[in-house]
Amino acid sequence: MSGQRIIECLDCGHSISFDPTIIACPNCGSLWQEIRYPYAQIGADLPGLLSQRPFDLWRYRELLPILEYHPSISLGEGGTPLIHARNLGTMLGCPHIYIKDERQGPTNSFKDRQAAVGVAAMKEAGVAEAVVASTGNVAIAFSAYAARAGIKLWAFLTSLVPGDKMREVAIYGTQVIQVTGSYDQAKKIAAEFAHQRGLYLERGARSMPSVEAMKTIAFEIAEQLTWLAQQEDHSLGEKFSQGEKAPHWIVPDWYFQSVSGGLGPLGVQKGFKELKEAGLTDGLPAIACIQTAGCAPMAHAWKQGLDTAEPVQSPRTHISTLSTGDPGRTYTLLRQRMLESNDLAPNGCFDSVPDEEAFRAMHILAKLEGISVEPASAVAFAGLIKLVRAGLIKPKDVIVVNCTGHTMPVESAVLGDNWARNVIAPSAAVEETPQEGLLAALSHVTSDTFSSILIVDDTEDARRLIRRILQSQGNYTLYEAEDGRQALEIAAQKLPDLVILDLMMPEIDGFGVLDQLKSNPQTQPIPVIVVTAKELTPDEKKRLNGHIHKLMQKGEFMNDELLDEVRALVK
Ligand SMILES: Cc1ncc(COP(=O)(O)O)c(C=O)c1O
């Protein structure tokens, strides 16, 4: 099948048969080339082939720029889970949010795909020594695969890269060159070094294997959404209930990704386009490219309607992973494809979020979803929150967010100091029985001294979200009621310090619960926060007036906003 692949030059249009040793266009010398595949044939063959292959990146090998499959260098790349973010979805009022968990790749970031395919392609091209410039994760991933493939690697890292990440590059035996300067400067120096020594240079969006590798994210998402819709997620199944002639796979409405140089979205965009060309899907997702505000050349250009991004000379961000100041032609290509793929409106957008919003999103994800991401990944989630709030994302949209990297290497920088409570175990020399000593030491972390809160909501998702928000604070004793009757019983029995009350419930609704709480002298003083999805009429607002402390609309508040209200009412 490889003979049918074509390399096409994006500048002069010259096309030749695929050959792994081709780096520049033999006609005009351009480095901007693209691989095209026999899509109709692949569309016919692939579903059958896939049923016999494991769920990893290489299952799509007919759509990758390699001649052979190289299991000997594999580290188990690709095949990362697609995780339903129920709590985040409930909080944002968008139930179909899925996280493509790229942390679960061999070196914990989505750059594993680029390195796995890139190093396989290097092997096929006979490369023995290579050079890469990086903000951290690219170098880590290439180092691991180069080690397996027996390729010597030079990594040029900007000095802004956290020390823990630099050390990880070094441990694989890569030659680490720390460049005191910006990432763009590190790239220039690396290119010069490779040129002088005649070494292979990994060029990101201008290296065909790198772009091609990122397509596999799109392929996996389409397959995984289809499985979820068929097997587990009934509401997703309803949304995508398909006729007999429907294509095999489904695509999300939105794909979100944090962007530095833009390689990831460029590949993912191509991947979704290829699935459509192969007749395996019938649509394209809108691609949301999110940058950090301190280094957002693409978002600025997009807002101004420009097709070329003005480089940011001095990025001002703590998120060094995303510090590409000059995205060059990648932005132009991404934008062009967003504009051409949909006649009605651009199929995607570029936006930016401040570092603080990314750090906030990191905490939300860790505390509500159990997913600990690095700040660069959190930028995409902060962008999602921003676009949901702006009304660009509709409640029924199916959204996939690329969780591009793991928190581990940067945890010390983002967690602050007060993350543990200390228990000092009594010394063995103390005369009392050890049991008593331990109990005394633990007394200040037990829950009987904590304020108590009753959560009343008939939907499990809403109760779980509120419980999780309060639990992540750690200092409350929580009771839950799933209807009005239960709520009144628990309130009378436990006399909680606060009630968080839903309004729309069968039988005794929230208004009824409130009336009875307020007419009982014992429960009358308990403060109440109403959390509702209901659009209240003026009469209903009047009914609540003076009886509740706060009205919060479901889907419109963030975790810390609820916590602030709770803290204002209970100790
Ligand atoms: C964790 C993480 N997220 C996002 C990005 C952005 O990558 P790109 O814009 O090249 O797709 C990077 C780049 O290194 C990264 O390491």
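Residues numbered from 1 in each chain as written. Predicted model: local features only at pLDDT ≥ 70, side-chain atom pairs only at ≥ 80, totals over all residues. Heavy atoms only, no water.

## What about the nonpolar core?
Counting 112 residues, the largest nonpolar core has Phe 256 and Val 566 as its most contacted members. The contacts of Phe 256, once residues within four sequence positions are left out, are Ala 288, Ile 290, Ala 380, Gly 383, Leu 384, Leu 387, Ile 393, Ile 399, Val 400, Val 401 and Asn 402. Among the nonpolar cores identified, the runner-up in size contains 32 residues, and Ala 115, Val 127, Tyr 145 and Val 161 belong to it. (Core = buried A, V, L, I, M, F, W, Y, C linked by side-chain atoms within 4.5 Å. Buried < 20%, exposed > 50% of the residue type's maximum accessible area, 1.4 Å probe, protein only. Contact = heavy atoms within 4.5 Å.)

## Points about the site of the ligand
As a matter of local geometry, the ligand sits amid 19 residues, with Asn 137, Ser 260, Gly 262, Gly 264 and Thr 404 nearest to it. Contact distances for the ligand include 3.0 Å between an oxygen atom and a backbone N or O atom of Gly 261. In isolation the ligand offers 390 Å² of accessible surface; the protein chains occlude 96% of this area. Mapped by element, the contributors of at least two residues to the shell around the ligand are strand S10 (254-258) and helix H9 (263-277). Tallying contributions element by element places H9 first for the shell around the ligand, with 3 residues. (Near = heavy atom within 4 Å. Polar contact = N/O pair within 3.5 Å; in protein donor to acceptor, adjacent residues only side chain to side chain. Areas by Shrake-Rupley, 256 points an atom, 1.4 Å probe, with all protein chains shown as cover. Helix = DSSP H or I, 4+ residues; strand = E, 2+ residues; numbered from the N terminus.)

## So, helix H17 (residues 484-494)
An α-helix turns once per 3.6 residues; consequently, residues spaced three or four apart project the same way. Within the sequence span of H17, burial applies to Gly 484, Ala 487, Leu 488, Ile 490 and Ala 491. Of the surrounding secondary structure, the elements contacted by the buried residues of H17 are strand S14 (451-456), strand S15 (476-481) and helix H18 (510-519). For H17, the N-terminal capping position is held by Asp 483, with its side-chain oxygen 3.2 Å away from the main-chain nitrogen of Arg 485. Leu 495 occupies a position one or two residues after H17 and carries a positive phi of about 45°.

## Some thoughts on the sheet that holds strand S4 (residues 82-84)
Taken in spatial order, the 6 strands of this open sheet run S4-S5-S13-S10-S11-S12, and their pairing is mixed. Of all the strands in the sheet, just S4 and strand S12 (348-353) have a single pairing partner and so form its edges. Across this sheet, the average inter-strand angle for adjacent strands is 25°, counted without regard to direction. The sheet contact formed by strand S5 (residues 97-101) and strand S13 (residues 399-403) spans 5 bridges and is parallel. Within S13, the position partnered with Ile 97 by the bridge is Ile 399. (Pairing = 2+ DSSP bridges. Axes fitted to C-alpha atoms, helices over the stretch in contact; angles between N-to-C directions.)

## Description of the pairing of strand S11 (residues 286-292)
Most of S11 is tucked away, with 7 of its 7 residues classed as buried. Alignment of S10 against S11, held across 5 bridges, turns out to be parallel. Residue pairing for S11: Ser 258 is matched across the bridge by Ile 290. Each parallel crossover has a hand, and for S10 linked through H9 to S11 it is right-handed. Inspection of the sheet shows S11 paired to S12 by 6 bridges, in the parallel sense. Opposite Ala 288, over in S12, you have Cys 349 as the bridge partner. (Right-handed = clockwise from strand over helix to strand, strands pointing away.)

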